[in-house]
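Notes for the structure review
Residues per chain are reported as follows:
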Amino acid sequence: MKNILVTVDFDKGEALLIEKAFQMANAFGSKLWLMHIAAPDPDFVGYDVGPEYIRDSRASELRKEHRQIQAYSETLKKRGVASEGLLVQGATIEMIIKESKKLNVDLIMAGHHEHGFFYKAFVGSVSAEIIKKSKIPILIVPLD
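The rules behind these values
Residues numbered from 1 in each chain as written. Predicted model: local features only at pLDDT ≥ 70, side-chain atom pairs only at ≥ 80, totals over all residues. Heavy atoms only, no water. Helix = DSSP H or I, 4+ residues; strand = E, 2+ residues; numbered from the N terminus. Buried < 20%, exposed > 50% of the residue type's maximum accessible area, 1.4 Å probe, protein only. Contact = heavy atoms within 4.5 Å. Areas by Shrake-Rupley, 256 points an atom, 1.4 Å probe, with all protein chains shown as cover. Core = buried A, V, L, I, M, F, W, Y, C linked by side-chain atoms within 4.5 Å. Pairing = 2+ DSSP bridges. Axes fitted to C-alpha atoms, helices over the stretch in contact; angles between N-to-C directions.

Helices and strands together make up the secondary structure of the protein, namely five helices and five strands. Taken across its 144 residues, the protein has 37% of its residues classed as buried. Summarising the internal contacts of the protein: among those between residues at least 6 apart in sequence, 77% fall at separations of at least 24. Carbon and sulfur atoms form 56% of the exposed surface of the protein, whose accessible area is close to 8700 Å².

Before going further, it helps to spend a moment on the nonpolar core. By size, the foremost hydrophobic cluster in this structure holds 18 residues, and its most contacted members are Val6, Leu32, Leu34 and Met109. Going through the elements one at a time, strand 1 (3-7), helix 1 (14-28), strand 2 (31-38), helix 2 (52-78) and strand 4 (107-112) are the ones with two or more residues in this core. Per-element accounting of this core gives the leading share, five residues, to helix 1. Apart from residues no more than four positions distant in its own chain, methionine 109 is found in contact with Ile4, Leu5, Val6, Thr7, Leu17, Lys20, Ala21, Leu139 and Val141. Counting 16 residues, the second largest nonpolar core, distinct from the first, contains Ile37, Val105, Ile108 and Ile130.

Attention shifts here to the environment of leucine 107. Inspection of the secondary structure puts leucine 107 in strand 4. Sequence spacing of leucine 107 and lysine 135 is 28 residues, and the spatial spacing of their C-alpha atoms is 10.0 Å. Residues in contact with leucine 107, not counting those within four places in the same chain, are Met1, Asn3, Ile4, Leu5, Met24, Ile136, Pro137, Ile138 and Leu139.

Okay, the side chain of threonine 7 next. Relative to the assigned elements, threonine 7 resides in strand 1. Ignoring anything within four residues of it in the chain, the contact list for threonine 7 reads Leu17, Met35, Ile96, Ile108, Met109, Ala110 and Gly111.

Attention now goes to the pairing of strand 1. On any regular strand, side chains alternate: one points to one face of the sheet, the next to the other face. Most of strand 1 is tucked away: five of the five residues are buried. The side-chain alternation of strand 1 yields two buried faces, one formed by Asn3, Leu5 and Thr7 and the other by Ile4 and Val6. In this structure, strand 1 lies alongside strand 2, joined through five bridges in parallel fashion. Paired with valine 6 across the two strands is leucine 34, which belongs to strand 2. In the sheet, strand 1 pairs with strand 4 via four bridges, with the strands oriented parallel. Residue pairing across strands places isoleucine 4 opposite leucine 107, the latter belonging to strand 4.

The next point concerns helix 3 (residues 92-102). Each full turn of the α-helix corresponds to 3.6 residues, which orients residues three or four apart in the same direction. For helix 3, the full list of buried residues reads Ile93, Met95, Ile96, Ile97, Glu99 and Ser100. One or two residues past the end of helix 3 sits asparagine 104, with phi positive at roughly 55°.

A separate point is the sheet that holds strand 5 (residues 138-142). Reading across from one edge, 3-2-1-4-5 is the order of the five strands in this open sheet, with parallel pairing throughout. Sheet topology places strand 3 (83-89) and strand 5 at the edges, where each strand pairs with a single neighbour. Put simply, the sheet's adjacent strands are angled 25° from each other on average, direction ignored. Direction of pairing for strand 2 relative to strand 3: parallel, over a ladder of seven bridges.

Structure below.
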């Protein structure tokens, strides 16, 4: 197992997920790819249209997320595990599948949070969708 993709959502529990990924990578001598998928920009927020304060706020948010994923990656490197941090914008499931193929990933690690009925009804479960659509093995880490 040479490459492990770890999906980080900055919700809560990512420290546990990253620690489990570290243990796995350390045991197998794998490289970790920490990936956060940022929501795509709304259509009205582009380079030419939309209020400037919205564009500035979105850019600031993306920079903060990028710094955080890079900080996690640097911490893992200091602990002796090869790691890269990625910030990708797009639809979550599609980007996970696309990036895992591009990076030649052997395992996808994702965290799972327990959500209520309304959340499941309107949003669904990212981990369940990854399981349905991925041809790459998946390790789900419970975060609750």
